Amino acid sequence: MIENLVRPNILNLKPYSSARDEFKGKASVWLDANESPVVLPGVQTGMNRYPEPLQPELKEKISRIKGVPANRIFIGNGSDEAVDLLFRVFCEPGRDKALVFPPTYGMYGVCAAVNDVQVIESLLDEQFSINLKEIGKKTMENPKLTFICNPNNPTGNVQSHETIRRIIEASKGIVVVDEAYVDFCPEQSVLSWIEQYHNLVVLQTLSKAWGLAGARIGLAFASPEIISVLNRVKFPYNIGKPSIELASAALDQEQEIKERVGEIINQRNLLMNSLSAFTFVEKIFPSSANFLLVKFRESEKIYQYLAGKGIIVRDRSKQPGCKGCLRITVGTQTENKTLLKALKELENKQQ
Ligand code: PMP
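Now for a description of the structure that goes with this document. (Residues numbered from 1 in each chain as written. Predicted model: local features only at pLDDT ≥ 70, side-chain atom pairs only at ≥ 80, totals over all residues. Heavy atoms only, no water.)

**Here we look at the overall build of the protein chain**
Then comes step 1: A tally of helices and strands in the protein chain yields 12 helices and 11 strands.
Then comes step 2: For 351 residues, the compact-globule estimate of 2.2 N^0.38 gives 20 Å, and the C-alpha radius of gyration of the protein chain, at 22 Å, lies within 12% of that figure.
Then comes step 3: When the backbone C-alpha atoms are referred to their principal axes, the protein chain occupies close to 75 × 55 × 35 Å.
Then comes step 4: Expressed as a percentage of the 351 residues in the protein chain, the buried residues total 50%.
Then comes step 5: Restricting the contact set of the protein chain to residue pairs at least 6 apart, pairs at least 24 apart contribute 68%.
Then comes step 6: Split by element, the accessible area of the protein chain, about 17400 Å² in all, is 52% carbon and sulfur.
Then comes step 7: Side-chain charges of the protein chain comprise 43 positive and 40 negative groups, with the mean position of each set lying 3 Å from the other. (Helix = DSSP H or I, 4+ residues; strand = E, 2+ residues; numbered from the N terminus. Rg over C-alpha atoms; globule rule 2.2 N^0.38 Å. Buried < 20%, exposed > 50% of the residue type's maximum accessible area, 1.4 Å probe, protein only. Contact = heavy atoms within 4.5 Å. Areas by Shrake-Rupley, 256 points an atom, 1.4 Å probe, with all protein chains shown as cover. Lys, Arg positive; Asp, Glu negative; His and termini not counted. Charge placed at Lys NZ, Arg CZ, Asp CG, Glu CD.)

**Side note on the pairing of strand E1 (residues 73-76)**
Then comes step 1: In E1, alternate side chains face the same way, and those of Ile 73 and Ile 75 on one face and Phe 74 and Gly 76 on the other are all buried.
Then comes step 2: Note that E1 and strand E7 (residues 218-221) share 4 bridges and pair antiparallel. Across the sheet, Ile 73 pairs through a bridge with Phe 221, a residue of E7. (Pairing = 2+ DSSP bridges.)

**Regarding the sheet that holds strand E5 (residues 174-178)**
Then comes step 1: Reading across from one edge, E1-E7-E6-E5-E4-E2-E3 is the order of the 7 strands in this open sheet, with mixed pairing throughout. Two strands lie at the open edges of the sheet, namely E1 and strand E3 (118-121), each paired on one side alone. On average, each strand axis in the sheet is inclined to that of its neighbour by 25°, with strand direction left out of account.
Then comes step 2: Relative to the sheet, helix H8 (residues 224-233) contacts E1, E5, strand E6 (200-205) and E7, its axis offset from that of E1 by approximately 30°. (Axes fitted to C-alpha atoms, helices over the stretch in contact; angles between N-to-C directions.)

**Some words on the sheet that holds strand E11 (residues 325-329)**
Then comes step 1: Strand order in the open sheet formed by 4 strands is E8-E9-E11-E10, and the pairing between neighbours is antiparallel. Two strands in the sheet have a free side with no partner beyond their single neighbour: strand E8 (281-284) and strand E10 (314-315).
Then comes step 2: Bridging between E10 and E11 involves 2 bridges; their strand directions are antiparallel. Residue pairing in the sheet places Arg 314 in a bridge with Arg 327 of E11.
Then comes step 3: The strands touched by helix H10 (residues 254-276) are E8, strand E9 (291-296) and E11; relative to E9, the strand with the most contacts, the crossing angle is about 10°.

Written out as structure tokens, the structure is:
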């Protein structure tokens, strides 16, 4: 029962009831929400009005694309909002724990710290796979939340479905599978498992493959019970109208997005081949996402050199198991060529 996992104060919460929650019918004079009756010149009609609190039309579109009923969908201000809400809903500050598999996405730890939740870590092995031998021991500590990032950021690899299933089945708490990058390897998604596992939450986002990082649209998929608690705790109008419209327009271009994903994967493979030829590249880790984790000899120097040329990559060398590693996002063909050209110049200088 999911109720046994939710914090009692959240179960008992009387959520804020917004003007838009209380009257949903048709009307011609709206004097209920203290909005401005007019928009500024040049501003899109309707922007003086609050957006829909639960984004029903956008959810219908997502439902059609993902094959998931709308009552199993939560839309957040980025998937980061969903991560934070999951802590607030399920973890009692100062008491509950969360399990993460470093090196991984940093926000799980940050949200845990903000919510005063202790983090239990189980380090990934040398191939960046979850160490299954440790799972029994770690789940004994009863983490309320377990975060599996799949594909993983910053390593780019995926965990096997068998591993994910074993963790879900071993866990008495909620297991969150963060699929921010899954559009680059859709066959890896465990989204359909939400019907079977009531303790599973799958996170996706429009920030990566869908090209809408600026709009802040994150998605959580889970049982209707979990979605309903997330909705009770979220801010009333968490997604702005411009973002709802941008997301809706993007979702109409699913085919276009698939082609772009294909192009990024193509570019990733080209980049991987070209990078592997450099003398200062020690290793490129296999990636199922839109970035590569690359181990360099003297990564700090490489980072500074590239930054000096206006090319910014992400230094991940301080992450466990990532010594000497930089994370490089796959850009356009031109951007990737600029990066390779800069590295070539450096190599020539060194020889
Ligand atoms: N999960 C992972 C694994 C990420 O890498 C990121 C963004 N870097 C997010 C979630 C957050 O994405 P959003 O833009 O939807 O908040």
